[in-house]
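Architecture at a glance
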Amino acid sequence: MDTTAPQSVRWRAVGLFVAVAMGTAFALDVVCALTGGLGTPLSYALLAVRMFSPALASWVVCRFVTGEPWLRAVGLRRPAPGGRGRVLTSALIGAALVVAVSAACLAVAVAAGWMRPDWTLSGLMARISALNTNSSKPLPPAGVLLALLPIESLVAGCTINAAVALGEETGWRGWLLFALAPLGATRAVVLTGVAWGLWHAPLIAMGYEYNNQIPPVPGIALFTVSCVAFGCVLAWLRTRSGSVLPAAVAHGTLNAYGTMPLALVAVGDSWNPVTSSIVGIPAILMFAVVAVALLGGHRIVMSADED
């Protein structure tokens with residue numbers, strides 16, 4: 001499996017990686033802020049492009065500093081025949097874990113009264129009707145839409161979302177995690193997660209993920225903790241499979257399920273992502289439990305691991 005790691009941290013390479021990944025993303029964020037902020041058509045394109053800045057950073061480092069073959073270094077080399085099954089099972093485990101945590105978070109939010117779901121999907125039906133004013137076709141029953149929502153999210157998460165998330169994962173879990181491996185699994189996972197979280201900082205300050213429900217600094221801190229906790233799961237998928245693809249699938253699934261609660265919000269109602277989303281406090285605690293189990297059980301193994 002492609003889970004080899006250097007014997008010592010190449011800090012020059014790590015520094016260049018962080019500079020390119022952060023610099024490229026932050027430059028796009030400035031453009032986003034100056035052209036209307038989040039929610040504009042241009043912002044969606046900019047968000048998609050910025051997700052490939054970690055991939056660009058890993059390529060730059062491999063090309064100009066380390067001399068590693070890029071596909072091998074980031075875990076994109078074709079797996080050996082015996083390793084394909086492990087890649088597939090790891091992807092399935094990652095997607096299933098995200099679905100389970102999403103369902104648990106929704107159940108907790110409803111039980112605690114943090115969210116009042118509208119099972120008739122009146123809000124979603126109104127938004128669909130507004131977008132299809134020229135169509136005479138009747139909308140499917142709410143029950144059908146309700147059943148299709150998790151299926152649609154799963155399919156999107158494992159396909160198009162995973163393809164976009166691969167731009168991030170080739171950098172974070174593909175290259176940086178193993179560049180930091182000589183520090184030991186725990187430090188490598190935590191530092192990679194912190195870098196991943198701070199990479200989102202300008203977006204969080206603009207209202208991304210938490211919809212300005214909390215001030216920017218606490219929002220950035222909370223999201224960074226979320227990235228560390230979930231990043232541990234992604235690191236395990238990466239080391240278990242020897243490929244970055246399962247991490248991309250789990251990451252894409254998380255992104256897909258992150259917006260699903262919006263479909264359950266009634267017209268005129270609102271929800272607080274701090275308490276009721278996949279990057280909210282309950283989800284962070286759930287992923288943290290899994291992270292502690294993985295790290296405590298020494299399940300994340302890299303060749304240069306010193307834990």
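As a reminder, the structure under discussion sits directly above these lines.
Now for a description of the structure that goes with this document. (Residues numbered from 1 in each chain as written. Predicted model: local features only at pLDDT ≥ 70, side-chain atom pairs only at ≥ 80, totals over all residues. Heavy atoms only, no water.)

Structural notes on the environment of Ala266
What counts is decided by this rule: Runs of H or I in DSSP of at least four residues are treated as helices and runs of E of at least two as strands, each being numbered from the N terminus. The contact rule is simple, with two residues in contact once any of their heavy atoms fall within 4.5 Å.
Along the chain, Ala266 turns up in the loop between helix 13 (245-258) and helix 14 (273-276). Spatially, the C-alpha atoms of Ala266 and Leu124 are 7.8 Å apart, while their sequence positions differ by 142 residues. Once residues lying within four places of it in the same chain are set aside, the contact partners of Ala266 are Asp118, Ser122 and Gly123.

Side note on the side chain of Arg50
The test is simple: Relative accessibility decides the category of a residue: with a 1.4 Å probe and only protein chains considered, values under 20% of the type maximum give buried, values over 50% give exposed, and everything between is partly exposed. Distance and chemistry together define a polar contact, namely a pair of N or O atoms within 3.5 Å, with one atom able to donate a hydrogen and the other to accept it when in protein, and with adjacent residues in sequence counting only for side-chain atoms on both sides.
Structurally, Arg50 is set in helix 2 (residues 41-50). Overall, the relative accessible area of 1% leaves Arg50 in the buried class. At 2.9 Å, the side chain of Arg50 forms a polar contact with the backbone oxygen of Trp199. When residues no more than four places from it in sequence are discounted, the contact partners of Arg50 are Ala25, Phe26, Leu28, Asp29, Trp199 and Leu203.

Overview of the packing of helix 1 (residues 11-34) against helix 3 (residues 53-66)
Our working definition: In this analysis, axes come from line fits to C-alpha atoms, helices being fitted only over the stretch in contact, and the angle between any two N-to-C directions falls in the range 0 to 180 degrees. If you view the pair so one helix is near and one far, a crossing is left-handed when the near helix is turned anticlockwise from the far one by less than a right angle, and right-handed when it is turned clockwise. Three classes are used, and their members are as follows: Ala, Val, Leu, Ile, Met, Phe, Trp, Tyr, Cys and Pro are nonpolar, Asp, Glu, Lys and Arg are charged, and the others, Gly among them, are polar.
Interhelical geometry of helix 1 versus helix 3 gives an angle of 145° and a closest axis separation of 8 Å. With respect to the hand of their crossing, helix 1 and helix 3 are arranged in right-handed fashion. Every residue of helix 3 that contacts helix 1 at Arg12, Ala13, Leu16, Phe17, Val20, Ala21, Thr24 and Ala25 is listed here: Ser53, Pro54, Leu56, Ala57, Ser58, Val60, Val61, Val65 and Thr66. Of the residues that constitute the contact of helix 1 with helix 3, the class distribution is twelve nonpolar, four polar and one charged.

Side note on helix 7 (residues 142-158)
Definition in use: Expected span of a helix, by definition, is 1.5 Å for each gap between consecutive residues, and there is one gap fewer than residues. Two axes define the bend at a residue: one fitted to the seven residues ending there, one fitted to the seven starting there, and the bend is the angle between them.
Here helix 7 contains 17 residues, and its C-alpha end-to-end distance of 25 Å stays within 8% of the 24 Å for a straight helix at 1.5 Å per residue. The axis of helix 7 is deflected most strongly, by about 30°, at Leu148, and proline Pro150 appears within four residues downstream. Turning to helix 7, its buried residues number three or more, namely Ala142, Leu145, Leu149, Ser153 and Gly157. Structurally, helix 7 contributes buried residues whose contacts are with helix 6 (122-131), helix 8 (160-169) and helix 13.

Topic: the environment of Ala162
Along the polypeptide, Ala162 turns up in helix 8. Classification of Ala162 as buried rests on a relative accessible area of 8%. When the C-alpha atoms of Ala162 and Thr253 are compared, they prove to be 7.1 Å apart, with 91 residues separating the residues in sequence. Apart from the residues within four sequence positions on either side, Ala162 is in contact with Ala156, Gly157, Ala248, Val249 and Gly252.

Focus: helix 1
Taking 1.5 Å of rise per residue, 24 residues should cover 34 Å, and helix 1 covers 34 Å from first to last C-alpha, within 8% of that figure. For helix 1, the full list of buried residues reads Ala13, Val14, Phe17, Val20, Ala21, Met22, Ala25, Leu28, Asp29 and Cys32. For helix 1, the secondary structure elements touched by its buried residues are helix 2, helix 3, helix 9 (172-179), helix 10 (185-199) and helix 11 (201-205). Just downstream of helix 1 lies Gly36, where phi reads positive at about 115°.

Re the packing of aromatic side chains
The geometry of an aromatic ring pair comes down to the distance between the two centres and the angle between the two planes. As a reminder, the rule being used: The criterion for an aromatic pair is that two Phe, Tyr or Trp rings (for Trp, the six-membered ring) have centres within 6.5 Å, with stacked assigned to planes under 30 degrees apart, edge-to-face to planes over 60 apart and tilted to the rest. By definition here, charges over rings are those cases where NZ of Lys or CZ of Arg is within 6 Å of the ring centre and within 35 degrees of the ring normal.
Under the criterion given, the structure shown has seven aromatic pairs. With a centroid separation of 5.6 Å and 80° between ring planes, the pair formed by Phe17 and Trp172 is classed as edge-to-face. Here Phe17, found in helix 1, pairs with Trp172, found in helix 9; they are 155 residues apart in sequence, far enough to count as distant. On the basis of an interplanar angle of 90° and a centroid distance of 6.0 Å, the ring pair of Trp59 and Phe64 is categorised as edge-to-face. For Trp59, a relative accessible area of 40% translates into the label partly exposed. Through successive ring pairs, a cluster of aromatic residues spans Phe17, Trp172, Trp175 and Trp199. For the cation-ring pair, Arg173 lies above Trp196, with the distance from its terminal atom to the ring centre recorded as 4.2 Å.

Examining unusual backbone geometry
Phi at Leu121 is positive, roughly 60°, even though this residue is not glycine. Within the secondary structure layout, Leu121 lies in the loop between helix 5 (84-112) and helix 6. Residue Leu121 is classed as buried on the basis of its relative accessible area of 0%. One non-glycine residue, His298, lies in the positive phi region at around 55°. Along the chain, the position of His298 falls in the segment after helix 15 (281-296).

Focus on the pattern of salt bridges
Using the following cut-off: Every case where a carboxyl oxygen of Asp or Glu lies within 4 Å of a side-chain nitrogen of Lys or Arg is listed as a salt bridge.
With the rule as written, the count across this model stands at three salt bridges. Between Asp29 and Arg50 there is a salt bridge, and its shortest N-O distance comes to 2.8 Å. Highlighted residues: Asp29 in helix 1 and Arg50 in helix 2, separated in sequence by 21 residues. Exposure remark for Asp29: the relative accessible area of 5% places this residue in the buried category. The partner of Glu169 in a salt bridge is Arg173, with the nearest N and O atoms 2.8 Å apart. A relative accessible area of 0% means that Glu169 is categorised as buried. When its relative accessible area of 1% is taken as the criterion, Arg173 is described as buried.

These figures capture arrangement, not role.
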